[in-house]
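# Commentary on secondary and tertiary structure
Now for the letters of each chain:
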Amino acid sequence: MKATAKAHPNIALVKYWGKRNERLILPHQSSLSVTLGPLAVTTTVEFEAARGDDEVSINGKVAQGGERERVVALLQLVRREAKARGLGAPGRARMTSAGDFPAAAGLASSAAAFAALAVAARAAAGLKRDVKTESTLARQGSGSACRSIEGGFVRWNKGTRADGRDSYGEQLFDAAHWPELRLLVGMVSREEKEVKSRDGMRGTVKTSPYYPAWAKDADLEVKRIVPFIKRRDLEAVGEVAERNAWRMHATAFAANPPLCYLKPETLSVIQACAQLRKQGVGVWFTLDAGPNPVLLTSQRDEAAVAKVLTAHGASEIVRCHPGGDAQLIGSPASVGR
Ligand code: DP6
């Protein structure tokens, strides 16, 4: 009754920003991301037969409050599934999870964490691997986690059902489709952001007059970007990613109270990126709900881009490339699709 799984974070090229159902974590629009190697979160879940309180440890610390509750809620869903499939409900769980990248990097570490948890917990309960079920489960821990079950380029289909069964991540192209793509996270700030994504998107949905336009446009952008990824057209992909990031942030700026995740260094990197492009370097930015820009470039231009990031205040650069599927460690790597 014990299993360990590893999953990568992801960076959205067309963002998810806003829920239509807060409890089930169902989005208003579809989104699309790249799974990021080599960064990963590794999670072990062990179920005992006896009942009792779950033990949750994250990055070496006992988890408390909301952080613990989100894990416990996901474990509860796994028990329910195991019982429904006649495997008997597992008892108390011991869960440990550790990431190999800074949580404050602004990369959704919760995406990798809940993806690894979903895969490990189901396996520990004796359930067979099934990426759609894992994705649907991971989504209920953190929305973007549904895009970290599979590697490469993953679309989160928003779905229309009230129960959320059609709202999950679907791999469109695997990591081998575009191995020379590079994603460089420039760490311009290590402070924890003031407003978490969950609260920021809630405020935006409720109060930004631009929200309906955002949701409609994002769905169209998901459709537009797929053929560009298919033909590995960095310029076309970069242009969609940049304008979608601007539009997400513009929608958040217009919330009441306004939400601004950018720092002066963020803007300076963005401007430097535009300058570099004029000099023939293929580089575009995207930005999640935090100050650290992620630059899209190619293996060829990686060194030039890293240099500019450092020159514009990045204290550290996390270099990523398209990563693979979430995997069980120490078990046959069979993935049910
Ligand atoms: C800006 O998935 O962290 O990174 O569903 O509330 O847990 P919850 O939010 P989360 O939000 C991610 C928002 C984003 C964009 C994205 O990854 O698509």
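Residues numbered from 1 in each chain as written. Predicted model: local features only at pLDDT ≥ 70, side-chain atom pairs only at ≥ 80, totals over all residues. Heavy atoms only, no water.

### Considerations on the domain arrangement of the protein chain
Domain assignment breaks the protein chain into domain 1 (2-175) and domain 2 (181-322). With centres defined by C-alpha atoms, the gap from domain 1 to domain 2 works out at 24 Å. Listed per partner, the contact involves 36 residues of domain 1 and 44 residues of domain 2. For domain 1, the biggest contributors to the area lost against domain 2 are L13, K15 and W17; these three give 26% of the whole. (Domains from an automatic or database assignment. Contact = heavy atoms within 4.5 Å. Buried area = accessible area lost by both parts, 1.4 Å probe.)

### As for the packing of helix α2 (residues 109-124) against helix α3 (residues 131-139)
It is at 8 Å that the axes of α2 and α3 come closest, and there the two elements cross at 125°. What the angle tells us is that α2 and α3 run oblique. Helix-helix and strand crossings are classified by hand; for α2 and α3 the assignment is right-handed. Where α2 approaches α3, its residues F114, A115, A118, V119 and R122 are matched on the opposing element by T133, E134, L137 and A138. Here the contact of α2 with α3 is built from residues that sort into 6 nonpolar, 1 polar and 2 charged. (Axes fitted to C-alpha atoms, helices over the stretch in contact; angles between N-to-C directions. Helix = DSSP H or I, 4+ residues; strand = E, 2+ residues; numbered from the N terminus. Parallel < 35°, antiparallel > 145°, perpendicular 65-115°, else oblique. Left-handed = near helix turned anticlockwise from the far one by under 90°. Nonpolar A, V, L, I, M, F, W, Y, C, P; charged D, E, K, R; others polar.)

### Points about unusual backbone geometry
The omega angle of the peptide bond from G37 to P38 is 0°, so this bond is cis rather than trans. Its location among the elements puts P38 in the loop between β5 (31-37) and β6 (41-47). The peptide bond linking N256 to P257 adopts the cis configuration, its omega dihedral lying at 0°. Along the chain, P257 falls in the loop between α6 (234-253) and α7 (264-278). Unusually for a residue other than glycine, R232 sits at a positive phi of about 55°.

### Section: the nonpolar core
The nonpolar side chains of a soluble globular protein tend to be buried, and buried together. Judged by nonpolar contacts, the single largest core of 45 residues is most densely connected at L13, W17, L183, I225 and I229. Elements with a minimum of two residues in this core: β2 (10-14), β5, β10 (153-157), β12 (181-187), α5 (211-230), α6, β14 (294-298) and β15 (316-322). Composition of this core by domain shows at least three residues from each of domain 1 (2-175) and domain 2 (181-322). For I229, the residues in contact, after removing those within four places along its chain, are L13, L32, F153, F173, H177, W178 and V237. (Core = buried A, V, L, I, M, F, W, Y, C linked by side-chain atoms within 4.5 Å. Buried < 20%, exposed > 50% of the residue type's maximum accessible area, 1.4 Å probe, protein only.)

### Thoughts on the layout of surface pockets
In this structure, the second largest pocket spans a volume of roughly 780 Å³. As for the second largest pocket, its lining consists of 23 residues, of which L24, L77, T136, L137 and Q140 are closest to the centre. In terms of residue count, helix α1 (residues 65-84) provides more of the lining of the second largest pocket than any other element does, 8 residues in total. (1 Å grid on protein atoms, 1.4 Å probe; cavity = no way out; pocket = protein on both sides within 12 Å on 5 of 7 lines; lining within 4 Å. Points joined across faces, edges and corners; volume = space filled by probe spheres on them.)

### Topic: the site of the ligand
Close to the ligand lie 18 residues, the nearest being Y16, K19, S142, G143 and S144. Between the ligand and the protein, one listed contact pairs an oxygen atom with a side-chain N or O atom of R147 at 2.8 Å. Against a free-state accessible area of 460 Å², the protein chains account for coverage of 96% of the ligand. Broken down by element, the shell around the ligand gets its largest block of residues, 3 residues, from helix α4 (residues 197-207). Classifying every residue of the shell around the ligand gives 7 nonpolar, 5 polar and 6 charged. Both domain 1 (2-175) and domain 2 (181-322) contribute no fewer than three residues apiece to the shell around the ligand. (Near = heavy atom within 4 Å. Polar contact = N/O pair within 3.5 Å; in protein donor to acceptor, adjacent residues only side chain to side chain. Areas by Shrake-Rupley, 256 points an atom, 1.4 Å probe, with all protein chains shown as cover.)

### What about the packing of α7 against helix α8 (residues 302-311)?
At their nearest, the axes of α7 and α8 sit 10 Å apart, and the two run at 145° to each other. The two elements α7 and α8 cross, and the hand of that crossing is right-handed. Here α7 contributes V269, A272 and L276 to the contact with α8, which in turn contributes A304, V305, V308 and L309. A per-class count over the contact of α7 with α8 returns 7 nonpolar, no polar and no charged.

### Points about the sheet that holds β6
Read from one edge to the other, the open sheet built from 6 strands follows the order β8-β7-β9-β6-β1-β16, with strand pairing classed as mixed. Strands at the two margins of the open sheet, each flanked by one partner only, are β8 (61-62) and β16 (327-329). Contacts from α1 reach β6, β7 (55-58) and β9 (93-99) within the one sheet, and its direction differs from that of β7 by about 125°. Sheet strands in contact with α2 are β1 (2-7), β6, β9 and β16, and its direction is about 30° off that of β6. (Pairing = 2+ DSSP bridges.)

### Observations concerning the pairing of β7
Pairing analysis gives 4 bridges linking β7 to β9, with the strands arranged parallel. Residue V56 lies in a different strand from β9, and its bridge partner there is M95. With 2 bridges joining them, β7 and β8 adopt antiparallel strand pairing. For I58, the partnering residue across the bridge sits in β8 and is K61. Where β7 folds back on β8, the antiparallel hairpin that results is connected by 2 residues, among which N59 adopts a positive phi of roughly 50°.

### Some thoughts on the confidence of the model for the protein chain
Chain-level statistics for the protein chain give a pLDDT mean of 94 and a share of 96% at 70 or above. For residues 332-337, every residue scores under 50 in pLDDT, and the model assigns this stretch 11 contacts once sequence neighbours within four places are set aside. (pLDDT = per-residue confidence, 0-100.)

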